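Take a look at the letters that make up each chain.
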Amino acid sequence: IAAFAFDLDYNNKGNNLKVGPLNFFMGILRKGEPYLPPENYESSQDKAMRLYIQKHHELEARRLGQEKEALNLAFEEWKSKLSVEQLGAICPPEYLNDENSPFRNGFLKIHFEKEIWPEIKKLKIIG
């Protein structure tokens, strides 16, 4: 019954019937034939589970996006406050003076993510 109702609601099955939907369905029952669900049939339990999982993935993606944004903001703030001595302790000397070097930024980012970010994250209760 659920598959037939689904077919009526989502696949416009009623438009293809020569008789009314009730008469068509009663004819199937009289013949003792099963009503085969359409390929796109989804039970109410399956639909509820799919929607639950979809919502969970959306929330998780939003949370990860916010955490990544928070990390980037905290990194930029931290980086702007570094002294020359602190930079020297993190970066190799050949990248120290080139502020636009992707290598310098990479060293700083790795150091920040491993050493600084976990403490900031814990203090600000992120994640």
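Worth saying up front: this structure is predicted, and the values here are computed from it rather than measured.

## Things to note about the overall build of the protein chain
The secondary structure content of the protein chain amounts to five helices and zero strands. Listed N to C, the secondary structure of the protein chain is α-α-α-α-α in terms of helices and strands. Computed over C-alpha atoms, the radius of gyration of the protein chain comes to 30 Å, more than 25% over the 14 Å expected from 2.2 N^0.38 for 127 residues, which places it beyond the range of a compact globule. Split into buried and exposed, the 127 residues of the protein chain put 20% on the buried side. In the protein chain, of all internal contacts separated by at least 6 residues, the share reaching a separation of at least 24 is 51%.

## Thoughts on the packing of aromatic side chains
For the coordinates displayed, the defined rule picks out eleven aromatic pairs. Centre to centre, the rings of Trp78 and Phe112 are 5.2 Å apart; their planes meet at 45°, and the pair counts as tilted. Of this pair, Trp78 sits in helix α3 (residues 44–80) while Phe112 sits in helix α5 (residues 102–124), and the two are 34 residues apart along the sequence. A relative accessible area of 0% places Phe112 in the buried class.

## Points about helix α2 (residues 21–31)
Among the residues of α2, those classed as buried are Phe25, Gly27 and Ile28. Buried residues along α2 cover an arc of 155° about the axis, so they all sit on one side. Opposite the buried face of α2, at more than 90 degrees from it, the exposed residues are Leu22, Asn23 and Arg30. Check the buried side of α2 and you find it contacts α1 (2–10). Where α2 ends, the next residue or the one after it, Gly32, has phi of about 75°, a positive value.

## So, a nonpolar patch on the surface
Among the surface-exposed residues, Leu22, Met26 and Leu29 lie close enough to one another that they form a single nonpolar patch of about 310 Å² accessible area. The topology assignment puts Leu22 in helix α2. Classification of Leu22 by relative accessible area gives exposed; the value is 61%.

What counts and what doesn't
- Residues numbered from 1 in each chain as written.
- Predicted model: local features only at pLDDT ≥ 70, side-chain atom pairs only at ≥ 80, totals over all residues.
- Heavy atoms only, no water.
- Helix = DSSP H or I, 4+ residues; strand = E, 2+ residues; numbered from the N terminus.
- Rg over C-alpha atoms; globule rule 2.2 N^0.38 Å.
- Buried < 20%, exposed > 50% of the residue type's maximum accessible area, 1.4 Å probe, protein only.
- Contact = heavy atoms within 4.5 Å.
- Phe/Tyr/Trp six-rings, centres within 6.5 Å; stacked < 30°, edge-to-face > 60°.
- Arc of directions from axis to C-beta.
- Patch = residues over 30% accessible without salt bridge, like charges linked within 9 Å, V, L, I, M, F, W, Y side chains within 5 Å.
- Areas by Shrake-Rupley, 256 points an atom, 1.4 Å probe, with all protein chains shown as cover.
- Salt bridge = Lys/Arg side-chain N within 4 Å of Asp/Glu carboxyl O.

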